[in-house]
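Coordinate inspection notes
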Amino acid sequence: MSKITINELGKLQVPSNPTIPFIEGDGVGGEITPAMQQIVNAAVQKAYHGEKVIQWKEVLAGEKAYKTTDNWLPNETISAFEDYLVGIKGPLTTPIGGGIRSLNVALRQTLDLYVCLRPVRWFQGVSSPIKEPQKVDMHIFRENTEDIYAGIEWEAGTKEANKFYSFIKEEMNVDSVRFPESSAFGVKPVSKEGSKRLIRAACKYALEHNLPTVTLVHKGNIMKFTEGGFKKWGYELIEKEFAQELKDGKLVVNDCIADAFLQNTLLKPQDYSVIATLNLNGDYISDQLAAMVGGIGIAPGGNINYNTGHALFEATHGTAPDIAGENTVNPCSIILSANLMLDYMGWSKAAKLIVDALEYHFKKGYATHDLARFMPNGKSLSTSDFTEKIVQYIKTR
Ligand code: ATP
């Protein structure tokens, strides 16, 4: 089995037959993941004529893992992602009880996948609630390890909440909590190191992909030291590490307050390209932008640590239990995530074949029902028929 590695310059070394661990996923995972593999295999075969091939290695997580190993997230699964660096996953159920809040969060934290990358673009033919969706082409860099997502919070009325309040009142002279007896408390850690590594990754990505701007999105007018710190440290880093690129005009950086940003993305989406933001802002922004180009069924995502090379690409929607097993689910989120994965591996020729095939079919109105029902010339296909059409198209290129 061949492993992807990273060299001392931080460059990924990809063998011609890399092993890629994958988690099939719960609910609709059993339908979308095999569809994605068929399409990726066809594209890799077409692009490299057998000189490159992916060795898929299934690893367990979620319900499938729980049923066979009594463990929602077995150590072997985490080890596989640690060892093979690059992997992909379907959606996972949130375990009931058992101490794990979310399997997705556990995987991101264990592998320190500090970037959540969400590219958002529109495909011609796909219905959009905005007038000029062709102007949407954004790449969200959402910080993935800090902020209010650190899970440091205490329920109202508990001993811990009272203790926390006593501390901030007595030791920190805080007297602005309106209803202290019935308040819950949460802590929002935002670090210089965490902010800088995220913003650095966003700037490098913009330069590598010739993208026009990087926008730091924050709420620093209200949260001066956390969100404001993110912006301040961002500009410091850019002036220090990208001075030449700034001077040459290769890198253009600006910033925007989060609420204005959400408005602006609707009013003038063409003004934004790469977006670097904190965890919670990134969550809201990702969903709004996804809705602007066709919804969660086609929004791809990857969780990446650019220093270690670890990357886990994923379907961004949930397990969709209401439609699982019906052969109607839209497999495009995980397909486009695989596309991101191929690009990350440097297999861009295969990635392009996949995007071209999707573009061609959406333009003609071929899509799964969730998209086709809103297309003027929509033709609803089952998951397997849609997959088959894409595979055949790639084979005949
Ligand atoms: P979970 O609890 O795992 O988050 P959920 O059903 O609550 O699952 P989603 O999976 O995000 O949340 O689904 C929200 C709605 O969108 C559901 O009605 C679902 O059927 C639909 N949906 C989600 N993903 C897709 C998809 N890929 N194709 C078609 N419909 C989808």
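Everything here concerns the structure above.
Because the structure is predicted, anything quoted here is derived from the model rather than measured. (Residues numbered from 1 in each chain as written. Predicted model: local features only at pLDDT ≥ 70, side-chain atom pairs only at ≥ 80, totals over all residues. Heavy atoms only, no water.)

We now examine the overall build of the chain. When helices and strands are tallied, the chain shows 14 helices and 16 strands. Relative to its length of 397 residues, the chain is compact, with a C-alpha radius of gyration of 22 Å against a globular reference of 21 Å. By the burial criterion, 50% of the 397 residues in the chain qualify as buried. Nonlocal contacts in the chain, meaning residues at least 24 apart in sequence, comprise 73% of its contacts between residues at least 6 apart. (Helix = DSSP H or I, 4+ residues; strand = E, 2+ residues; numbered from the N terminus. Rg over C-alpha atoms; globule rule 2.2 N^0.38 Å. Buried < 20%, exposed > 50% of the residue type's maximum accessible area, 1.4 Å probe, protein only. Contact = heavy atoms within 4.5 Å.)

Another aspect to go through is the packing of aromatic side chains. In total, this model carries 14 aromatic pairs according to the counting rule given. Here Y48 and W347 contribute two aromatic rings whose centre-to-centre distance is 5.7 Å and whose plane-to-plane angle is 65 degrees, an arrangement assigned as edge-to-face. One end of the pair, Y48, is in helix 1 (residues 29–48); the other, W347, is in the loop between helix 11 (332–345) and helix 12 (348–363), and 299 residues separate them in sequence. Owing to a relative accessible area of 2%, W347 belongs among the buried residues under this scheme. Between the aromatic rings of Y306 and Y344, the centroid separation amounts to 6.3 Å while the plane-to-plane angle is 70 degrees, which identifies the pairing as edge-to-face. Linking Y306 in the loop between strand 13 (300–304) and strand 14 (311–315) with Y344 in helix 11, this pair joins segments that are 38 residues apart in sequence. Relative accessible area serves as the criterion here: at 27%, Y306 is assigned to the partly exposed category. What links up through ring pairs into an aromatic cluster is the set F141, Y205, Y306, F313 and Y344. If you follow R397 out to its NZ or CZ, it ends over the ring of Y393, 4.0 Å from the centre. (Phe/Tyr/Trp six-rings, centres within 6.5 Å; stacked < 30°, edge-to-face > 60°. Lys NZ or Arg CZ within 6 Å of the ring centre and 35° of its normal.)

It is worth spelling out the sheet that holds strand 4 (residues 55–58) at this point. Across the sheet, 10 strands lie side by side as 4-3-5-14-13-6-7-12-10-11; this open sheet has mixed pairing. Among the strands making up the open sheet, the edge pair consists of strand 4 and strand 11 (253–257). Direction aside, the axes of adjacent strands within the sheet are offset by 25 degrees on average. Here strand 6 (residues 115–121) runs beside strand 7 (residues 137–143); their pairing, made up of 7 bridges, is antiparallel. Following the sheet pairing, L117 is matched in strand 7 by F141. The strands touched by helix 1 are strand 3 (19–23), strand 4, strand 5 (86–89) and strand 14; relative to strand 4, the strand with the most contacts, the crossing angle is about 165 degrees. Helix 7 (residues 227–241) contacts strand 10 (214–218), strand 11 and strand 12 (274–277) of the sheet and is inclined by roughly 155 degrees relative to strand 10. (Pairing = 2+ DSSP bridges. Axes fitted to C-alpha atoms, helices over the stretch in contact; angles between N-to-C directions.)

Along the chain, V136 falls in the loop between strand 6 and strand 7. Not counting chain neighbours up to four residues away, the residues in contact with V136 comprise V120, R121, W122, I130, P269, M292 and V293.

Every residue close to the ligand is listed here: I296, G297, H317, G318, T319, A320, P321, D322, I323, V329, N330 and D370. At 3.3 Å, a side-chain N or O of H317 approaches a nitrogen atom of the ligand. Note that an oxygen atom of the ligand is positioned 3.1 Å from one of the backbone N or O atoms of G318. Protein burial of the ligand: of its 600 Å² of free accessible surface, 60% is covered by the chains. (Near = heavy atom within 4 Å. Polar contact = N/O pair within 3.5 Å; in protein donor to acceptor, adjacent residues only side chain to side chain. Areas by Shrake-Rupley, 256 points an atom, 1.4 Å probe, with all protein chains shown as cover.)

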